[in-house]
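Below are the chains, spelled out letter by letter.
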Amino acid sequence: MALIHARGLVKRFGDFTAVDGIDVDVQRGEAFGFLGPNGAGKSSTMRMIGCVSPPSGGVLRILDLDPLRDGVKIRGRLGVCPQLDNLDPELTVRENLTTYARFFGIPRKVARARAAELLDFVQLTERADSKVEPLSGGMKRRLTIARALVNEPEIVLLDEPTTGLDPQARHLVWERLFRLKQQGVTLVLTTHYMDEAEQLCDRLVVMDGGTIVAEGSPRTLIDRYSTREVVELRFAAESQEPFADKLDGIGERLEILPDRILLYVEQGDDAVAAVTARPLSPANVLVRRSSLEDVFLTLTGRTLVD
Amino acid sequence: MVTLMLPRLIASEGPARRSGAVIERNATSLRGAYWIVVASGFLEPLLYLFSIGVGVGALIGDLTLPGGRVVEYAAFVAPAMLASSAMTGALSETTFNFFGKMKYWKLYDGMLATPLRPIEVALGELAWAMIRGNIYGAAFLVVMVAMDLTTPGRAVAAFFATVLIGFTFGSLGMALSTFMRSWQDFDIVVSVQFALFLFSGTFVPAQAYPAVLRWLVEITPLYRAVDLTRALCLGGVGWLQLLDVFYLLVLFAAGMAVASRRMGKLLLK
């Protein structure tokens, strides 16, 4: 049985359809991702799964229960890390965890023990008695993640867990989430960072405009929708467009962005050699492995972060 | 609605326990500077009592109540201060604090991601406001007894009235807060609250107003609250006070219904 099961799931806000009939199944122990740009319907989907937003249509079962009828039961078994930290500014770091535990009916003694454990896990033990306000963005995020674990949830929902964090803070969060995954916790996360999806997700769906445009493991998606390597060319000119014709025939496909041209190829070095033989001399050349960003670009013609 | 809601709360321990966790959260946050706010809530009615009740009262002398009884002015003002401090305590907790927690700190978003439901959050917050308001009320009644403005027995009865008044204004405050768009909107609440405080038969008997105005004053919730506490503190309880109790209960139920509905609408979309 899938822990999360959705068929034709729809969310409407007035005339606007945020989620337009998606099918999703998340299995126990999986790390599942929703990848897509802002406004793709990721957060709306997460809120429906978190039982804080009633679906406008379709089927949704979570832990084999109905979110509308058994919201209280389901939420008791979920951990939620929202997109914007909503930590309690009147409480200390530790109290944020113990107080939250009480909302789940966890006895005080257990709550204290678990708070100590979790503070250790997210490396905040030293700040246990500090207020939330002076913490850095990364620390607040880690505390929010710790708070989401206080009820030992079966599913942890993470809405853009590293948006707005600096690279170092992001890596620390990823590392902790990876450990959770290893412990067998089912993770469901949304992101618009392809590296995050590649690092953390066993399986993901690519969302755009409220629908799912592709589904699979990061590797299979890249294999299916992109080439092995990508050559990024930047020409020193007002517009990159005139150079596209001159590149005709090199690689399987090409994509023109405002500031560069992407060549989808099997062998990057061969392609670069072909470009210079034309002869063309781009100001900048970068050969890299293909990523989920390229998958997204192929599917929608747009970049993930703009 | 009260009769529908309360048995359900008592029957299953879940909801009551969860509302209790909201109270616990507030108790945990209560420290430091917050005590100053709480203390001022008690001092305010006391200052009014001494400055106007005793000070101005010395100029006015005794007052003849509509029933024909004669009381000293401080004894006339004190029950009104009691009722309005119950209102102020309940409103400050359920307007400013409630709004800030909901809109700016997003605390309720966090709470509703747990098994807590909107009605449980609302009841927990209200119960907390009541604890705070009732401490003011009890302390003020002790002062009234010490100043010989009422008897201990009547003070106990008046205490229960302040609990009811607190619940009513607390639920009204919460319902109002769900309609507020920004802090500026609270200026209106503060103005209305102050107008109620001045004109609800607090300092002058409503009989002193022209007939039309008098009717208007007499249907305001604070007037009914003052009428109730005054009758309890000074004696002369009758059918009218039963009406006061009924009126306050209806407002309480309406406030709760609106507050939890609106919270659900705002937070669970």
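**Points about the overall build of chain A**
- A count of helical and extended segments in chain A gives 11 helices and 13 strands.
- Based on the C-alpha atoms only, the size of chain A along its principal axes is roughly 75 × 45 × 35 Å.
- The buried share of chain A, reckoned over its 306 residues, is 45%.
- Long-range pairs, those at least 24 residues apart, make up 68% of the contacts in chain A between residues at least 6 apart in sequence.

**Comments concerning the overall build of chain B**
- From N to C terminus, chain B includes 11 helices and two strands.
- Of the regular secondary structure in chain B, the N- to C-terminal order runs α-α-α-β-β-α-α-α-α-α-α-α-α.
- By the compact-globule yardstick of 18 Å for 269 residues, chain B fits well, its C-alpha radius of gyration being 19 Å.
- For chain B, the C-alpha atoms occupy an extent of roughly 60 × 40 × 35 Å along the three principal directions.
- Taking all 269 residues of chain B together, the buried fraction comes to 45%.

**Observations regarding the packing of helix H4 (residues 73-104) of chain B against helix H10 (residues 221-234) of chain B**
Residue and element names in this part refer to chain B.
- At a minimum axis distance of 8 Å, the contact between H4 and H10 shows a crossing angle of 130 degrees. Relative to H10, H4 is oriented oblique. The way H4 lies across H10 gives a crossing that is right-handed. Between H4 and H10, the contacting residues are Ala75, Ala78, Pro79, Ala80, Leu82, Ala83, Ser84 and Met87 on the first element and Leu222, Ala225, Val226, Thr229, Arg230, Cys233 and Leu234 on the second.
- Its residues placed into classes, the contact of H4 with H10 shows 12 nonpolar, two polar and one charged.

**Considerations on the sheet that holds strand S2 (residues 16-26) of chain A**
Residues and elements named next belong to chain A.
- Pairing in this open sheet of three strands is antiparallel, and the strands run S2-S1-S4 from one edge to the other. Pairing within the sheet leaves two strands with one partner each, and these edge strands are S2 and strand S4 (57-62). Strand after strand, the sheet turns through a mean of 25 degrees between neighbouring axes, direction not considered.
- Pairing geometry for strand S1 (residues 4-13) and S2, over eight bridges, is antiparallel. Pairing of isoleucine 4 across the sheet is with valine 26, part of S2.

**Some remarks on helix H6 (residues 167-182) of chain A**
All names here are of chain A.
- Look at H6: 22 Å from first C-alpha to last across 16 residues, which is about the 22 Å you get at 1.5 Å a residue.
- Looking at H6, one finds that the buried residues are Arg170, Val173, Leu177 and Leu180. The buried side chains of H6 occupy one side of the element, clustering within an arc of 80 degrees when seen end-on. When the buried face of H6 is taken as reference, the exposed residues oriented beyond 90 degrees from it are Pro167, Gln168, Glu175, Arg179 and Gln182.
- Summarising the contacts, the buried residues of H6 are in contact with helix H5 (137-148), strand S6 (155-159), strand S7 (186-191) and helix H7 (194-200).
- Count one or two residues on from H6 and you reach glycine 184, which has phi positive near 95 degrees.

**Describing the packing of H4 of chain B against helix H6 (residues 118-146) of chain B**
Residue and element names in this part refer to chain B.
- Across the interface, H4 lies against H6 with an axial gap of 9 Å and an inter-helix angle of 155 degrees. Put simply, H4 runs roughly antiparallel to H6. In terms of crossing hand, the pair formed by H4 and H6 is right-handed. Taking contact as the criterion, the partners of Ala78, Met81, Leu82, Ser85, Ala86, Gly89, Ala90, Glu93, Thr94 and Phe98 in H4 are, on H6, Glu125, Leu126, Trp128, Ala129, Arg132, Gly133, Tyr136, Gly137, Phe140, Leu141 and Met144.
- Classifying every residue of the contact of H4 with H6 gives 13 nonpolar, five polar and three charged.

**Some points on the interface of chain B and chain A**
- With 21 residues of chain B at the contact, the number on the chain A side is 21 residues.
- If you list the elements that add at least two residues to the side of chain B that touches chain A, you get helix H2 (13-29) and helix H5 (107-112) of chain B.
- Ranked by the residues each element gives to the side of chain B that touches chain A, the list is headed by H2 of chain B, at seven residues.
- Split into classes, the residues belonging to the side of chain B that touches chain A amount to nine nonpolar, four polar and eight charged.

**Some thoughts on the nonpolar core**
- If you look at the biggest cluster of nonpolar residues, it comprises 140 residues, and the most contacted ones within it are Leu157 and Leu187 of chain A together with Ala78 of chain B.
- By residue number, the principal contributor to this core is H4 of chain B, which donates 17 residues.
- In this view, leucine 187 of chain A contacts Ala31, Phe32, Val156, Leu158, Leu177, Leu180, Lys181 and Leu200 of chain A; residues no more than four positions away in its chain are not counted.

**Describing the pairing of strand S8 (residues 203-208) of chain A**
All names here are of chain A.
- Of all six residues that make up S8, five are buried, and the element is covered over most of its length.
- Sheet topology note: the strand S3 (residues 31-35)/S8 ladder contains four bridges and is parallel. Opposite phenylalanine 34, over in S8, you have valine 205 as the bridge partner.
- By the bridge criterion, five bridges tie S8 to strand S9 (residues 211-216) in an arrangement that is antiparallel. Considered in S9, the bridge of valine 205 is made with glutamate 215.
- Linking S8 back to S9 in an antiparallel pair, the connection comprises two residues, with glycine 209 at a positive phi of about 55 degrees.

**Some thoughts on the environment of glycine 184 of chain A**
- Looking at the element boundaries, glycine 184 of chain A is found in the loop between H6 and S7.
- For the pair formed by glycine 184 of chain A and proline 82 of chain A, sequence separation is 102 residues and the distance between their alpha carbons is 21 Å.

**Describing the domain arrangement of chain A**
- Along its sequence, chain A is organised into domain 1 (4-216) and domain 2 (227-290).
- Taking only C-alpha atoms into account, the centre of domain 1 of chain A sits 39 Å from that of domain 2 of chain A.

**What about unusual backbone geometry?**
All names here are of chain A.
- Cis geometry marks the peptide bond from arginine 278 to proline 279; its omega dihedral reads 0 degrees.
- Considering the arrangement of structural elements, one finds proline 279 in the loop between helix H10 (268-277) and strand S13 (284-289).
- Positive phi, close to 60 degrees, is recorded for aspartate 64, a residue that is not glycine.
- Overall, the presence of 11 C-beta atoms within 10 Å leaves aspartate 64 in the exposed class.
- The phi dihedral of glutamate 160 is positive, around 50 degrees, even though this residue is not glycine.
- Summarising the element assignment, glutamate 160 is placed in the loop between S6 and H6.

The rules behind these values
As a convention, each chain's residues are numbered from 1 in the sequence order in which they are written. Chains carry letters from A onward and ligands carry numbers from 1 onward, assigned in written order. Local features are withheld for residues below a pLDDT of 70 in this predicted model, meaning they are given only at 70 or higher, and side-chain atom pairs are given and counted only at 80 or more; totals for whole chains, interfaces and linings count all residues. Starting at the N terminus, helices and strands are each numbered in turn, a helix being any DSSP run of H or I of at least four residues and a strand any DSSP run of E of at least two. Exposure is read from a count of other C-beta atoms within 10 Å of each residue's own; the residue is exposed at 12 or fewer, buried at 20 or more and partly exposed in between. C-beta atoms are placed from the backbone. It is the C-beta atoms, placed from the backbone, that decide contacts: two residues are in contact if theirs lie within 7 Å. Here the globule rule reads 2.2 Å times residues to the power 0.38, and the radius of gyration is calculated from C-alpha atoms. Lines fitted to the C-alpha atoms define the axes, with helices restricted to the stretch that makes contact. Angles between their N-to-C directions range from 0 to 180 degrees. Should an angle fall under 35 degrees it is taken as roughly parallel, and over 145 as roughly antiparallel, whereas 65 to 115 is taken as roughly perpendicular and any remaining angle as oblique. Crossing chirality is assigned from the near helix's rotation relative to the far helix, an anticlockwise turn below a right angle marking it left-handed and a clockwise turn marking it right-handed. In this classification, the charged set is Asp, Glu, Lys and Arg, the nonpolar set is Ala, Val, Leu, Ile, Met, Phe, Trp, Tyr, Cys and Pro, and all remaining amino acids, among them Gly, are polar. Paired strands, as defined in this entry, are two strands with at least two bridges between them according to DSSP. The span you would expect from a helix comes to 1.5 Å times its residue count less one. Picture the helix axis, draw a direction to every C-beta atom, and the arc is the one those directions span. The term nonpolar core means buried Ala, Val, Leu, Ile, Met, Phe, Trp, Tyr and Cys residues held together as one set by C-beta atoms within 7 Å. For the domains described, the bounds stem from an automatic or database domain assignment.

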